[in-house]
Amino acid sequence: MSDRVPMNGEMCVKCGICEAVCPSRLSSLRSLDLDRSGALPEEIVNCTTCNRCVASCPRSVPITKAIERMRQSMTTQGYAETLANLSAYGTSIVPTSPCNVDVKSCKVAYFAGCLTNHRMGGIAASVEYTLDYLGIEFTRIPEVCCGSPLNRIGRFDLARKMLEKNLGMLRSLGVETVITSCPGCTSTLMEYQDEFEVLHYLDLYDRHRLYTDVDKSDRVATMQFPCHLYRNVSPYTMIIAEQILSAMYDYRRMPEADRCCGAGGGVRRNDLALSRQLKARKVDDIRAMAPDIVITACPQCKVHLSEDVPGIEDLSVVLARALGFSQHEF
Ligand code: SF4
Ligand code: SF4
């Protein structure tokens, strides 16, 4: 098989912007389009798939997709762990308990994702509470992984098989709209937008103007913009998030709020030290804001940042509390 990755490489003008914005400081980026076989393996696995390079590239070179494709034939300890979990449990992480959900025929489904289902039940409980608050009838499904972690390591065929299992369940229940809370699940399910309306909870809350239902406090809040929500789903999600937070708090945007925290693309699982190194600048930026509360809208960002920013919350949780949800500890 050729090493060449179809990525419109001829379009690259070698401006170096991708290298300049890359949080992992990958020095091989400018050469990727011409000689991908020469890219260092460690540079390929160190990409967090944050998509900042692609968003900044004046020629729209699909750098991240090329890196994922180069990972196709690589096996590292972290990749092996992901593949083993998927094979053994159908989830990207080892489940701590069975995920018991109510399944019924319904036009709306809530798809929570592996990390939320098995480590962060508070996010799922908060989204479910808010759906009830809005009077939206919904079903859950016994989810398997959406396939996003497999796409990030180039296992596109396996990812599609996982996603198809979920889609089959959604189709059998007559679901037309899928509500999500995980950025990776959202962008993966959005590949099927022709068949399902896929709405991240922020889009839904915006549609129902939930920021008009909350009271404002003088607590200072800031927010980490999740890469996969801001760049892979839509920058508009962060406009909604900031509108909600401004209605609830003295909201202040941190510098480079969209810079990756270092958790994504399998980097945290593959090289914890590197992912923590990437996080250090983000933590400094957060602390410089002296916030009373730090928000994100991604379970993976929350896991990673909570090591240094205890009390960091998902936006779904603080909003549900402001709407009357009384469950404080998850
Ligand atoms: S930003 Fe785009 S055009 Fe510039 S060097 Fe990178 S890939 Fe090439
Ligand atoms: S996706 Fe992010 S980490 Fe990967 S090469 Fe692009 S900017 Fe760097």
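Scroll up a little and you will see the structure.
Computed from a predicted structure; not experimentally measured.

A. How the structure looks around helix α4 (residues 63–70). With six of eight residues buried, α4 is to be regarded as a mostly interior element. Contact partners of the buried residues in α4: α1 (17–21), α2 (41–45), α3 (52–56), α8 (148–152) and α9 (156–172).

B. Local environment of the nonpolar core. If you look at the biggest cluster of nonpolar residues, it comprises 72 residues, and the most contacted ones within it are Tyr-110, Leu-202, Met-223, Ile-244, Leu-315 and Leu-319. No other element matches the seven residues that helix α13 (residues 236–248) contributes to this core. Split by domain, the residues of this core number at least three in each of domain 2 (108–207) and domain 3 (212–322). Membership of the second largest hydrophobic core comes to 15 residues, among which are Leu-26, Cys-57, Ile-67 and Met-70.

C. Region of interest: the sheet that holds strand β4 (residues 220–223). The parallel open sheet is built from four strands, whose spatial order is β5-β4-β6-β7. For this open sheet the edge positions go to β5 (250–251) and β7 (313–314), each flanked by a neighbour on one side alone.

D. Representation of the pairing of strand β6 (residues 293–296) in the model. Residues Ile-293 and Ile-295 point to one face of β6 and Val-294 and Thr-296 to the other, with burial holding for every one of them. Note that β4 and β6 share three bridges and pair parallel. Each residue of the ladder has a partner; that of Ala-221, found in β6, is Ile-293. Note: β6 against β7, two bridges, orientation parallel. Directly across from Ile-295, in β7, lies its bridge partner Glu-313. Note on the crossover from β6 through helix α16 (residues 299–305) to β7: the handedness is right-handed.

Here is what the cut-offs are and how they apply
- Residues numbered from 1 in each chain as written.
- Chains lettered and ligands numbered in written order.
- Predicted model: local features only at pLDDT ≥ 70, side-chain atom pairs only at ≥ 80, totals over all residues.
- Heavy atoms only, no water.
- Buried < 20%, exposed > 50% of the residue type's maximum accessible area, 1.4 Å probe, protein only.
- Helix = DSSP H or I, 4+ residues; strand = E, 2+ residues; numbered from the N terminus.
- Contact = heavy atoms within 4.5 Å.
- Core = buried A, V, L, I, M, F, W, Y, C linked by side-chain atoms within 4.5 Å.
- Domains from an automatic or database assignment.
- Pairing = 2+ DSSP bridges.
- Right-handed = clockwise from strand over helix to strand, strands pointing away.

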